[in-house]
Amino acid sequence: MELLSNIFQIAVFVYSIMILVCIGAQVILARYNLRSSKWKYTELDLTTLKNSPLAPGISIVAPAYNEQTTIISNVNSLLSLDYPKYEVVIVNDGSKDRTLELLIEEYELEETPFMYIERIKASPVKRIFKSKNPKYAKLTVVDKVNGGTKADASNAGVNACMYPYMLNTDVDCVLAKDALLKMIMPFLKSSVRVIGVGATLRMSNGCEMEDGKLVRVSPPKTFFPAFQEIEYLRSYLVGKMGWSVINGVPNISGGLGLFDKEVLINAGGYDPASFAEDMDMVTRMIVYMKDFNYDYRIVEIPDTCCWTEGPPNYSVMYKQRTRWARGLFQFFMIYRKYLWNYKYGRLGLVTMPYMFLFEFLAPIIETIGISLLIYMLFTGGISYINAIVVFATIYLFGLMVSSSAIVFDYVTQQHYRKLREYFRLLLITLIEPFTYHLLIVYFSIRGYISFLAKKNFEWGEMTRQGIDKKKQKPITQS
């Protein structure tokens, strides 16, 4: 028992120190990135680009599956962005509700001949619609057979794009009016070819939207979205901003990512079978660039350019997080040959090892560690003092990281009108380790088990509540 206790305490100590060092480095790098001028642009830059006839074209691709509740307000939002040259491609991925019908009615769509070239694999496209009304000339709707995953729908959207840059988003996302202006800037300002740009995502739960436009930004008031708001701030403003300094960004969110379409297609597009399509696609693009010895950059900007509706309850959260966990397991099974592979530089020697040790293995190690800790506390294998010291160290460090993310957001953007809204987030971080975090660990383990059990998964739908004060037309089922 004493030997087991010693091994356990040493293992916990070493693993904890490794996590603390890595995350501490991310905080330092993120702070450096926020203070540096490499990613920055001025209002004059944005205004000049907004009025320039030479602005590069951007295609927005947004897959939709059973989105009848919010589809109209969200498409209105996408059609009202400040950018001189862009299109919106909505991919109706075999919706079983009135998503397509509502689009046809609202935007006066009609089936049209379209040169659809399948440059990357996707399920069959049935019809393509354009509007009879010149007001909606930017809109294209692709109606296709359901492919089971968002990746498949995204591929169909890429095939229908006309412009050299492709922004992939979710149809429930609300983009900032200047999102395209800000996200295209790294492509234009970098001396090295930029192949992807990410930006900060936030929860739209608690915000107010009118006619497709955000009129009031507030932190979520319900349990899961409030914690996910903190999680997102931590992930984007600390994690990815830190990774961006060393050109090691592990993934660009499937909710918002701007890509060089040529590289994306040459890399093979999204894997239709993937449930981690964002990480999968970025890895494919990096591997393609490394195989041909091309220099590249993947950039993360701190600006909040997108608000997305988070899971409102336990059931929806469970489905989302088990799917993410399953996707992470799937990712390492497919791309394990790149792990510790020096030929792929940062990807093989830094990014993937970090993701494997501290993202993939973390729920497993934490579950085993908590179980052993409880057992040893009851059997006297470990002292309460040692257990409290280890827990307090990790707990306080976690609070520091979360607080840093909230402070970074306050200093750089100040989206919330009232200071007390930031204090509310800080208070929530105090209970996160005992509540939300434990649920995330549980969801991850269940996702791993479902992957090993080879259960059939499909791209499920999430219950949308919507935040638009100006409600779309009443929906009646046929």
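Scanning the chain from N- to C-terminus turns up 15 helices and 12 strands. Its C-alpha atoms give the chain principal-axis dimensions of roughly 75 × 50 × 50 Å. The burial tally for the chain puts 56% of its 478 residues in the buried class. Considering only contacts within the chain whose residues lie at least 6 apart along the sequence, 80% involve residues at least 24 apart. Surface accessibility of the chain: about 21500 Å² in total, with carbon and sulfur atoms responsible for 60%.

Across the sheet, 10 strands lie side by side as β3-β4-β5-β2-β1-β6-β11-β8-β12-β7; this open sheet has mixed pairing. Edge positions in the open sheet fall to β3 (109–111) and β7 (174–175), since each of these has one partner strand only. With 6 bridges joining them, strand β2 (residues 86–93) and strand β5 (residues 139–144) adopt parallel strand pairing. Following the sheet pairing, V91 is matched in β5 by V142.

A few words now on the packing of aromatic side chains. The tally for this structure, following the rule as stated, stands at 32 aromatic pairs. Taken together, a centroid distance of 5.2 Å and an interplanar angle of 85° make the contact between F331 and F332 edge-to-face. With 4.8 Å between their ring centres and 50° between their planes, Y416 and Y422 make a pair best called tilted. Y416 gets classed as buried once you look at its relative accessible area, which sits at 5%.

A few words on the packing of helix α12 (residues 362–379) against helix α15 (residues 436–452). Here α12 crosses α15 at 115°, and the two axes come no closer than 9 Å. The pairing of α12 with α15 is recorded here as roughly perpendicular in orientation. Note on packing geometry: the crossing formed by α12 with α15 is left-handed. Together, P363, I364, E366, T367 and I370 of α12 and H437, L438, V441, S444, I445 and Y448 of α15 make up the contact between the two elements. A class-by-class count of the residues in the contact of α12 with α15 yields 7 nonpolar, 3 polar and 1 charged.

Moving on, we get to the side chain of T322. By the secondary structure assignment, T322 is in helix α10 (residues 314–334). Within polar-contact distance, the side chain of T322 engages the backbone oxygen of Y318 at 2.7 Å. Beyond its immediate sequence surroundings of up to four residues, T322 is in contact with F443, R446 and G447.

Turning next to the state of the cysteines. Within the structure shown, the criterion is met by 0 disulfides. With no disulfide of its own, C207 lies 11 Å from the sulfur of C306, the closest cysteine sulfur. For C207, a relative accessible area of 6% corresponds to the buried category. With relative accessibility at 0%, the residue C306 sits in the buried group.

So, on to helix α6 (residues 179–189). The element α6 is extensively covered by neighbouring structure, given that 9 of its 11 residues are classed as buried. Among the residues of α6, A179, L180, L181, K182, M183, I184, M185, P186 and F187 are the ones counted as buried.

Turning to the environment of T304, a few remarks are in order. With respect to the secondary-structure elements, T304 resides in strand β12 (residues 297–308). Residue class for T304 comes out buried when judged on its relative accessible area of 4%. In sequence terms T304 and Y422 are 118 residues apart; their C-alpha atoms lie 16 Å from each other. T304 has contacts with A176, T200, R202, D409, Q413 and H415, leaving out every residue within four places of it along the chain. Within polar-contact distance, the side chain of T304 engages the side chain of R202 at 3.0 Å.

Moving on, we get to unusual backbone geometry. Backbone geometry at E108 places phi at a positive 55°, although glycine is not the residue there. Within the secondary structure layout, E108 lies in the loop between α4 (99–107) and β3. Classification of E108 by relative accessible area gives partly exposed; the value is 35%. Positive phi values are uncommon outside glycine, yet N247 reaches one of about 55°. By secondary structure assignment, the location of N247 is in the loop between α7 (223–245) and β11 (256–260). Relative accessible area serves as the criterion here: at 7%, N247 is assigned to the buried category.

With that out of the way, let us pick up the pairing of β2. Counting buried residues in β2 gives 8 out of 8 residues, a clear majority hidden from the surface. Residues Y86, V88, I90 and N92 line one face of β2 and the alternating positions E87, V89, V91 and D93 line the opposite face, and both faces are buried. Taken together, the 7 bridges between strand β1 (residues 58–64) and β2 define a ladder with parallel strand orientation. In the sheet register, A64 faces β2, and the bridge partner there is N92. Between β1 and its parallel partner β2, the chain crosses via helix α3 (residues 71–78), and the hand of that crossover is right-handed.

Note on placement: N159 falls in helix α5 (residues 150–160). Classification of N159 by relative accessible area gives buried; the value is 3%. There is a polar contact of 2.9 Å between the side chain of N159 and the backbone oxygen of I120. Residues within four places of N159 in sequence aside, it is in contact with Y116, I117, E118, R119, I120 and A122.

At their nearest, the axes of α7 and helix α13 (residues 384–412) sit 8 Å apart, and the two run at 75° to each other. Considered as vectors, α7 and α13 are oriented roughly perpendicular to each other. From α7, I230, L233, R234, L237 and V238 reach across to α13, where they touch V401, S402, A405, I406, F408 and D409. Counted by class, the contact of α7 with α13 contains 8 nonpolar, 1 polar and 2 charged residues.

Cut-offs used in this document
The written sequence of each chain sets the order in which its residues are numbered from 1. For a predicted model such as this one, the threshold for reporting local features is a pLDDT of at least 70, and the threshold for listing and counting side-chain atom pairs is 80 or more; totals across whole chains, interfaces and linings nevertheless cover every residue. The basis for the side-chain values is all heavy atoms of the structure; hydrogens and waters are excluded. Going along the chain from the N terminus, every DSSP run of H or I of four or more residues is numbered as a helix, and every run of E of two or more is numbered as a strand. Burial classes: relative accessible area under 20% of the type maximum marks a residue as buried, over 50% as exposed, and values in between as partly exposed (1.4 Å probe, protein chains only). Contacts between residues were defined by any pair of non-hydrogen atoms, one from each residue, lying within 4.5 Å. Values of accessible area rely on a 1.4 Å probe in the Shrake-Rupley scheme; residue burial ignores everything except the protein chains shown. Strand pairing follows a simple DSSP-based rule, namely that at least 2 bridges must link the two strands. In this analysis, rings of Phe, Tyr and Trp, with Trp reduced to its six-membered ring, are considered paired at centre separations within 6.5 Å, and the interplanar angle assigns stacked below 30 degrees, edge-to-face beyond 60, and tilted for intermediate values. Only the stretch in contact is used when fitting a helix axis, every axis being a line fitted to C-alpha atoms; angles between N-to-C directions are given from 0 to 180 degrees. Angles below 35 degrees are treated as roughly parallel, those above 145 as roughly antiparallel, those between 65 and 115 as roughly perpendicular, and all remaining angles as oblique. Two helices cross in a left-handed way if the nearer one is turned anticlockwise from the farther one by less than a right angle. They cross in a right-handed way if the turn is clockwise. Three classes are used: nonpolar for Ala, Val, Leu, Ile, Met, Phe, Trp, Tyr, Cys and Pro, charged for Asp, Glu, Lys and Arg, and polar for all others, with Gly counted as polar. The term polar contact refers here to a pair of N or O atoms within 3.5 Å; inside protein, the definition further demands a hydrogen-donor-capable atom paired with an acceptor-capable atom, and it admits residues adjacent in sequence only when both atoms are side-chain atoms. Defined by distance alone, a disulfide is two cysteine sulfur atoms within 2.5 Å. Whether a crossover is right-handed depends on one test, that the path from the first strand over the helix to the second runs clockwise when the strands point away from the viewer.

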